[in-house]
Structures are given as structure tokens and as C-alpha cells.
Amino acid sequence: MKWEGQRESENVEDRRADGRGGGVGLGGRMPGGRGLGLGGIVLALLVSWALGINPLTVLGLLQGGGGELPAAAPAAQRSGPPAQDAGARFVRTVLADTEDVWTAYFARSQQSYEQPHLVLFSGRSDTGCGTGEAAMGPFYCPADRKVYIDLSFYDTLRERLGAPGDFAQAYVIAHEVGHHLQNLQGTTAKLERARQRVSERDYRALSVRLELQADCYSGVWAFHSQRSKSWLEQGDIEEALNAAAQIGDDTLQRRAQGTVVPESFTHGSSEQRVRWFKRGLESGDLKACDSFKAAAL
């Protein structure tokens, strides 16, 4: 992926100097839930690594919790010169391209695009959805409309999840920005309202459709990004497809507990995630990504 020398986004907050370190306590509980135990927490973290929305929601699902996302005041923005390390520059470059792609995409239908902010953090960070932890992996918080990433996740993606490559890393960002699109479109709010009236099992099924739609949106981004920049190289698309496969619920569950429980899926199987990414990539059209109306996933 020929990303060097491209425009970098100004919508990135670097909070890494404020990191408090540490990780999630494996014996913890969520209010109103039951204890997950070590295996459940590990599974929750692996599912969060699968690039979902707020990881606190994933933990709540696995515990049987309900209600709205935990409320917290959005953290104040920290100003300062942008970091020049390669990881930060890569993130700013990919985020800038999502800004370019989606601004142009919506302008064609006389619509505007509200750009999200992205927060780089180390260890922990306050968010509009509660405290974000590095162990949760990248996530999008609909309350403050920000994407959160601890760059150490890319080491996890490469070394533990078997998905190396810079375009695999770009797919991570594009997927989270896909959740931002869903938030702007009102899809996220509809899902949270549905959570109050459907069973846990039905909510998980809706969550799968939400995640597959975000995968499809990231494919649409890749389609238009390549058309405008021609910056992808041989093997880049395969990197993204491999990343989608490695973070399927079935693959993660098999890795975490040795068995697969389809009714507990919240993000979709590896095959489904690859299929929906390819659907967006081949169509270049958000209308092709309506996973909520699809008879089969």
C-alpha cells in the first residue's frame, strides 16, 4: 500500500502520553450482570478485537446485561503537535482517505459528511461510552462520534490473529469509520432501541447484521479509495480479506475455547465477514450493504 506522502487528517487526537497502562481485570463484573469468569472475559476481548462498536456493549451482551451504553462526559480534546512516528502518520493518512472518499461519495447526492475524530491512546482512555482499554481493541463510540485505537492492536492483529499487512490495518480503520456512517444514518440508535424490546439472542443477530454492514461499508471505501488513488499493491486486497476471515466469530471462538457456538455470534462468521467486505468492494455502492434486509447473510 503506497501510503507515504499522502494527505494526513487533522482529526486525530494523540493521547498516548496520557496512557495509564494496565488492562482489564479478568475477574471483574459489569453492573447488573453475572460474573463472566476467565474464559468468558477472554472471549469478550477476542470478540472486541473483531472490530465491533463499543466493547463495553460486547461485555454486557455476554453477561446478559441490558440498557443503554454507559454514559460518560466526552473527554476534553488535548492539543499539541501531531506525532511523527510511522504508526500515527499511517493512521492519519488512512483516516484522511476515508474523509476524502465519503465526502465525495455523499456530495454526489447533495449530502454532507460529518467527519469523525480518531483518538490514539495507550493503555486506557476516557470516552463518551466509558473507559476504553487497550485490551478491547479498536472501537467506535457513538456517544462522542470518535474512533479509538491503541496502536499495539496492530501487533496483536499481526502476531496473534494472523493478519499482517498495512492494508489489513487500513481495513480496521475503515470498519470503525463504517460504524460512524451507521451512527450518522441512525442505524446505531435503532439497534440500541431494539435492544430494549428483543431477546438477547435476537439482539445478537441484529448485532451480526450491524457488523457485516460495517464490513461492507469498508469494502465500498476500498473500491473508491483505489479508484481515486491507485495506491493498493499486489496482495493488499488479500490482506484485508484475510483480516476479515481471522476476526470472524467462529474463528475467534475456536481459538479462545476450542468450540463454536453460532447462536452466540455478535459479528458474523469468517465466511460472512469476507463475503460482505467483498460485496462492498465489488459494488462500490452503500445501497448494496443493507444487511438488515438480506434474507441470507
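Residues numbered from 1 in each chain as written. Predicted model: local features only at pLDDT ≥ 70, side-chain atom pairs only at ≥ 80, totals over all residues. Heavy atoms only, no water.

Trainee: Quick question: what am I supposed to make of the overall build of the chain here?
Mentor: Helix and strand counts for the chain come out as 10 helices and 6 strands. Across the 297 residues in the chain, those meeting the buried criterion constitute 55%. In the chain, the share of contacts with a sequence separation of at least 24, taken over all contacts with a separation of at least 6, comes to 76%. For the chain, the exposed area adds up to about 12500 Å²; of that, 49% sits on carbon and sulfur atoms. (Helix = DSSP H or I, 4+ residues; strand = E, 2+ residues; numbered from the N terminus. Buried < 20%, exposed > 50% of the residue type's maximum accessible area, 1.4 Å probe, protein only. Contact = heavy atoms within 4.5 Å. Areas by Shrake-Rupley, 256 points an atom, 1.4 Å probe, with all protein chains shown as cover.)

Trainee: Sorry, what's going on with the confidence of the model for the chain here?
Mentor: Low pLDDT marks stretches whose predicted atomic positions should not be read closely. Looking at the chain, the pLDDT average stands at 81 and 78% of residues meet or exceed 70. Per-residue pLDDT stays below 50 along residues 21-45; that stretch engages in 37 contacts with residues further than four places along the chain or on separate chains. In the model, residues 47-81 has pLDDT below 50 throughout and makes 117 contacts with residues more than four positions away in sequence or in other chains. (pLDDT = per-residue confidence, 0-100.)

Trainee: I tried to follow the pairing of strand β3 (residues 124-127) on my own but got confused; where do I start?
Mentor: The two faces of β3 differ: S125 and T127 on one face are buried, but R124 and D126 on the other face are not. For β3 and strand β4 (residues 130-133), the ladder comprises 4 bridges, and the chain directions are antiparallel. Bridge pairing in β4 links S125 to G132. Linkage of β3 to β4, two consecutive antiparallel strands, is achieved through a turn of 2 residues. (Pairing = 2+ DSSP bridges.)

Trainee: Got a minute to help me understand the packing of aromatic side chains in this structure?
Mentor: Any aromatic ring pair is given by two values, namely how distant the centres are and how the planes are angled relative to each other. In this structure the tally under the stated criterion is 10 aromatic pairs. Aromatic side chains F106 and Y113 sit 6.1 Å apart centroid to centroid with 10° between the ring planes, which places their arrangement in the stacked category. Summarising the burial analysis for this pair, F106 and Y113 share the class buried. Taking the centre distance of 5.6 Å and the plane angle of 90° together, the rings of Y171 and F277 count as edge-to-face. On the criterion of sequence distance, the pair formed by Y171 in helix α5 (residues 166-185) and F277 in helix α10 (residues 270-283) is long-range, its members being 106 residues apart. (Phe/Tyr/Trp six-rings, centres within 6.5 Å; stacked < 30°, edge-to-face > 60°.)

Trainee: Is there a simple way to think about the nonpolar core in this case?
Mentor: In globular proteins that are soluble, nonpolar side chains generally tend to be buried together. Counting 57 residues, the largest nonpolar core has M1, W102, L118, Y154 and W221 as its most contacted members. For this core, the secondary-structure elements that each account for two or more residues are α3 (86-107), β2 (117-120), β6 (146-149), α4 (152-159), α5, α7 (200-229), α8 (236-246) and α10. Aside from chain neighbours lying at most four places away, what touches W221 is V94, D97, T98, V101, W102, F167, A170, A174 and W231. (Core = buried A, V, L, I, M, F, W, Y, C linked by side-chain atoms within 4.5 Å.)

Trainee: Could you clarify how one ought to interpret the packing of α5 against α7 in this entry?
Mentor: Packed helix pairs are characterised by how far apart their axes lie and by the angle those axes make with each other. Two numbers describe how α5 lies on α7: the axes approach to 7 Å, and their chain directions differ by 115°. Read as a crossing pair, α5 and α7 show a hand that is right-handed. Seen from α5, the contacting residues are F167, A170, Y171, A174, H175, G178, H179, L181, Q182 and Q185; seen from α7, they are L210, E211, Q213, A214, D215, Y217, S218, W221 and A222. Considering only residue class, the contact of α5 with α7 consists of 10 nonpolar, 7 polar and 2 charged. (Axes fitted to C-alpha atoms, helices over the stretch in contact; angles between N-to-C directions. Left-handed = near helix turned anticlockwise from the far one by under 90°. Nonpolar A, V, L, I, M, F, W, Y, C, P; charged D, E, K, R; others polar.)

Trainee: Mind showing me how you'd approach the pairing of β6 here?
Mentor: Strand residues, when the strand is regular, have side chains that alternate between the two faces of the sheet. Burial of the side chains of β6 extends over both faces: K146 and Y148 are buried on one face and V147 and I149 on the other. Two elements, β2 and β6, share 4 bridges in a ladder whose sense is parallel. Among the inter-strand pairings, V119 is bridged to a residue of β6, identified as Y148. Judged from the 3 bridges that link them, strand β5 (residues 139-141) and β6 form a sheet pairing that is antiparallel. Looking at the pairing, Y140 lines up with V147 of β6.

Trainee: Any chance you could explain the state of the cysteines here in plain terms?
Mentor: Working definition of a disulfide: a covalent bond connecting the sulfur atoms of two cysteines. Counted by the stated rule, this structure contains 2 disulfides. Two residues, C129 and C141, share a disulfide whose sulfurs are 2.1 Å apart. Every disulfide takes its handedness from the sign of the S-S torsion; for C129 and C141 that torsion is 95°, giving right-handed. Within this pair, whereas C129 is found in the loop between β3 and β4, its partner C141 is found in strand β5, the two being separated by 12 residues in sequence. With relative accessibility at 0%, the residue C141 sits in the buried group. Paired by a disulfide, C216 and C289 hold their sulfur atoms 2.0 Å apart. What sets the handedness of the C216 and C289 disulfide is the S-S torsion sign, and at about -70° it is left-handed. Of the two residues, C216 sits in helix α7 while C289 sits in the segment after α10, which places them 73 residues apart along the sequence. Exposure remark for C216: the relative accessible area of 0% places this residue in the buried category. (Disulfide = S-S within 2.5 Å.)

Trainee: Looking at this model, I keep getting lost on the sheet that holds β2. Mind explaining?
Mentor: Sheet strands line up and pair through hydrogen bonds in the backbone, either parallel or antiparallel. Judged by pairing direction, the sheet is mixed, and its 4 strands sit side by side in the order β1-β2-β6-β5 without closing on themselves. Strands at the two margins of the open sheet, each flanked by one partner only, are β1 (12-14) and β5. Strand-to-strand twist of the sheet, defined as the mean angle between neighbouring strand axes without regard to direction, takes the value 25°. Pairing geometry for β1 and β2, over 3 bridges, is parallel.

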